[in-house]
Amino acid sequence: MALELTLRTPLTLPVDLPGFAPCRHRNRSVTELARTSVLVGNRSYEIGELFAISGSSQDLLWRWQGDLRHAHRLGQDLQEGCIHVAGSIGRHTGADMQGGRIEIQGDAGDWLGAEMVGGQILVRGHAGDLVGAAYRGAPQGMTGGSIIVLGNAGHEVGRAMRRG
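Residues numbered from 1 in each chain as written. Predicted model: local features only at pLDDT ≥ 70, side-chain atom pairs only at ≥ 80, totals over all residues. Heavy atoms only, no water.

Novice: What should I look at first to understand the overall build of the protein chain in this one?
Specialist: Tallying secondary structure elements over the protein chain gives two helices and 11 strands in all. Helices and strands in the protein chain line up, N terminus first, as β-β-α-β-β-α-β-β-β-β-β-β-β. Its C-alpha atoms give the protein chain a radius of gyration of 15 Å, near enough to 15 Å, the size a compact globule of 164 residues would have. Taken along its principal axes, the extent of the C-alpha atoms in the protein chain is 40 × 30 × 30 Å. A burial count over the protein chain gives 48% of its 164 residues as buried. (Helix = DSSP H or I, 4+ residues; strand = E, 2+ residues; numbered from the N terminus. Rg over C-alpha atoms; globule rule 2.2 N^0.38 Å. Buried < 20%, exposed > 50% of the residue type's maximum accessible area, 1.4 Å probe, protein only.)

Novice: What should I look at first to understand the environment of Ser 57 in this one?
Specialist: With respect to the helices and strands, Ser 57 occurs in the loop between strand S5 (51-54) and strand S6 (61-65). Between the C-alpha atoms of Ser 57 and Met 1, which are 56 residues apart in sequence, the distance is 8.2 Å. Once residues within four sequence positions are removed from consideration, Ser 57 is found in contact with Leu 3, His 25, Arg 26, Asn 27, Arg 28, Leu 33 and Trp 62. A polar contact of 3.1 Å, which involves the side chain of Ser 57, links it to the backbone oxygen of Arg 26. Engagement of the side chain of Ser 57 in a polar contact is seen with the backbone oxygen of Arg 28, the distance being 2.7 Å. (Contact = heavy atoms within 4.5 Å. Polar contact = N/O pair within 3.5 Å; in protein donor to acceptor, adjacent residues only side chain to side chain.)

Next up, the structure:
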C-alpha cells in the first residue's frame, strides 16, 4: 500500500523537503513521518501540519497530491523507490538523484534533476530552466539516468551535462 500525502491547504511560502524520499524513511510509521520537521519560509513545521498522510512507507511508493509549486528539493538524493506527484512541483526536484523514479503529472520548476547520476524522471507537463544541469561553479551536470519532459523546457537544459 502506497504512502499518500495530500496537501491540506495551498502553499504560499516555500517548503524545503530535502532528503524527503521513500528510501530514507522506509521503516517509519505514518505518525513518525507526520512529526518530521520541514522548513516553511523561515520557520519549522511538522510535515503532518501541511499534509494529510495515510498508507505505509514500507512500499517505497509515495503519492503526493496538490499544487506543490512552492515545495522544493523533493526526491533529492533519491536512491530507490518511486515518487508520484499529482500536480506541479517546485525547484531542485530529483537533484543529485542516484536511482528510483519520479513521475510528475503537472509542471516542474527549475533545476529538475540537477547533477543526477541515475534514475528516471518523467514530467507530463512543462519544466523550468536548467533541467539536468550543473549547479553554478560545478564542473559537470547530469552524468546518468534519464529525464523526459513531454511539454516544453526552459533555458540551459543539460548545461554541462555529461551522459544521461
